[in-house]
Amino acid sequence: MNSRLPARAILAAALLAACGSPALAAPAAAVELPSAEALEQMLHLLETQSLYRDRVDWNDARAQLAAAGDDRAQQRRVLDDAATRSSGGHGRWISPRQQRERSGRAQRLNAGQSAALAESPKVDARIGVLKVGPFVEDLQRSEQQRYDARKAYALALQQRIVDLDDGTRCAWVVDVSSNGGGNMWPMLLGLLPLLQGTPDAQGALIGAFRSADGLQWWRQGEGEVRQDGTHGLRSRQAAYHLRAGSAPVAVLMGARTASSGEAVALAFRGQAGSRSFGQPSAGFSTGNRPVTLVDGTTLLLTHNVMADRNGRGDGARLQPDEATASGPGTLAAAQAWLLAQPACTGG
């Protein structure tokens with residue numbers, strides 16, 4: 001719109017003065033900002049593609065940025081506010097420093113998955129428990145390294161199922177109560193033996209993303225999970241089938257279950273013999289797409305809503321099938337329900 005041109009011009013001039021001049025170069029400890037070109041690219045993406053873009057007055061946001069002049073802290077506050085409001089709190093710009101911190105966090109979390117899987121909570125021996133932690137992409141690695149890391153996570157999770165499936169398990173617990181998200185595909189591929197997709201003409205449905213273009217289904221196959229139109233994640237080593245063929249599954253969730261953790265809970269919602277326990281989730285059941293901006297920084301762009309295999313989902317908190325007090329009570333309720341199922345009673 002022509003009415004936006006003056007604000008854009010003022011904004012570009014202000015940012016070039018604040019960010020592009022060597023004479024005004026900020027010390028290393030200063031507030032980080034994208035380059036002037038990347039900032040305008042970021043605003044355009046948020047304004048045209050972010051899920052809740054109508055919640056932001058974009059002319060006003062540009063005017064605030066221009067008015068901030070060389071106040072980098074104020075510029076950053078305006079940017080973060082626009083990203084937060086237009087994404088429902090899920091998307092954000094990742095600065096170079098945050099990128100480095102994220103890389104270290106990704107390595108720590110992903111390395112700790114094996115220890116989490118080895119935890120043995122006190123439950124009936126007939127129940128296999130899987131504590132599914134987050135998988136965070138290390139965006140500083142190459143795409144091949146990131147893909148290899150996804151597969152390694154998925155295969156470690158599925159190997160835990162193989163190890164537990166010794167003929168004595170009649171039911172399973174999938175614990176995502178502390179899963180704050182990341183990339184959902186390694187989680188789903190690892191849990192493939194427990195997922196029973198709903199058949200349709202093109203495969204087995206386990207969930208979907210909803211956008212203005214409609215539903216893009218998540219599907220499972222032999223050693224594969226994918227979204228319609230994409231390659232998803234696959235491995236010939238990830239094609240294990242439970243000895244019993246299928247089994248009841250209890251999903252544990254709570255306020256720390258977010259983003260891809262919520263995607264896992266949604267993948268089991270609507271599956272026969274599956275029930276969720278705990279407290280409402282964090283409320284970030286929306287999809288992020290990492291976009292590399294022209295200055296090499298990253299925008300996590302929230303652009304769609306997660307849905308279950310029946311197409312139900314609104315991007316908000318997920319409600320458990322059975323509300324339970326946080327802590328041991330959730331696992332106890334899940335165990336009681338699982339042991340009452342025909343697979344465990346012999347019925």
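Structural data are supplied above this passage.
Our subject in this report is the structure included herewith. Counting restarts for each chain: residues are numbered from 1 in the order of the written sequence. Since the coordinates come from a predicted model, pLDDT governs what is reported: local features require at least 70, and pairs of side-chain atoms require 80 or more to be given and counted, while whole-chain, interface and lining totals use all residues. Side-chain calculation: all heavy atoms of the structure are included, whereas hydrogens and water are not.

## Considerations on the overall build of the protein
Reasoning step 1: Counting secondary structure elements, the protein contains 11 helices and 13 strands.
Reasoning step 2: Taken over C-alpha atoms, the radius of gyration comes to 22 Å for the protein, in line with the 20 Å a tight globule of 347 residues would show.
Reasoning step 3: C-alpha atoms of the protein, sized along the principal axes, occupy 75 × 40 × 35 Å.
Reasoning step 4: Per-residue burial for the protein yields a buried fraction of 49% across its 347 residues.
Reasoning step 5: By definition, residues are in contact when any of their heavy atoms lie within 4.5 Å. Once local pairs closer than 6 in sequence are excluded, the contacts in the protein between residues at least 24 apart make up 75%.
Reasoning step 6: Of note, the protein has its 37 positive side-chain charges centred 3 Å away from the centre of its 33 negative side-chain charges. What counts as a helix is a DSSP run of H or I of at least four residues, what counts as a strand is a run of E of at least two, and both are numbered from the N terminus. Computation of the radius of gyration draws on C-alpha atoms, with the globule rule given as 2.2 Å multiplied by the number of residues to the power 0.38. The buried label applies to any residue whose accessible area, calculated with a 1.4 Å probe on protein chains only, is under 20% of its type's maximum; exposed applies above 50%, and partly exposed to all values in between. The positive count covers Lys and Arg only, the negative count covers Asp and Glu only, and His and the chain ends enter neither. Taken as the charge centre is NZ of Lys, CZ of Arg, CG of Asp or CD of Glu, depending on the residue.

## Quick word on the environment of Gln227
Reasoning step 1: With respect to the helices and strands, Gln227 occurs in strand β7 (residues 224-227).
Reasoning step 2: Using a relative accessible area of 17% as the deciding quantity, one classes Gln227 as buried.
Reasoning step 3: Through-space distance from the C-alpha of Gln227 to that of Leu205 is 9.7 Å; in sequence the pair is 22 residues apart.
Reasoning step 4: In contact with Gln227, not counting residues within four places along its chain, are Trp185, Phe209, Gln216, Trp217 and Trp218.

## Some thoughts on unusual backbone geometry
Reasoning step 1: If you check the backbone angles, Ser259 has positive phi at about 55° while not being a glycine.
Reasoning step 2: Along the chain, the position of Ser259 falls in the loop between β9 (249-253) and α9 (260-268).

## Section: the pairing of β9
The two faces of the sheet receive side chains in turn, since in a regular strand these alternate between them.
Reasoning step 1: Most of β9 is tucked away, with five of its five residues classed as buried.
Reasoning step 2: Of the two faces of β9, the one lined by Val249, Val251 and Met253 and the one lined by Ala250 and Leu252 are each fully buried.
Reasoning step 3: If DSSP finds at least two bridges between two strands, the strands pair. With four bridges connecting them, strand β3 (residues 171-175) and β9 associate as parallel partners. Directly across from Trp172, in β9, lies its bridge partner Val249.

## A word on the nonpolar core
Reasoning step 1: Only buried residues count toward a nonpolar core, which is a set of Ala, Val, Leu, Ile, Met, Phe, Trp, Tyr and Cys residues joined through side-chain atoms within 4.5 Å. Grouped together as the largest cluster of nonpolar side chains are 40 residues, with contacts concentrated most on Val174, Leu188 and Leu194.
Reasoning step 2: Looking at this core, the elements with two or more residues in it are α7 (143-164), β3, α8 (184-190), β5 (203-211), β9 and α9.
Reasoning step 3: For this core, the element with the highest residue contribution is α9, accounting for six residues.
Reasoning step 4: The contact partners of Leu194, leaving out residues within four places of it in the chain, are Leu130, Ile161, Trp172, Val174, Leu242, Val249, Phe268 and Gln271.
Reasoning step 5: Leu45, Leu79, Ala82 and Leu301 belong to the second-largest nonpolar core, a separate cluster that totals 20 residues.

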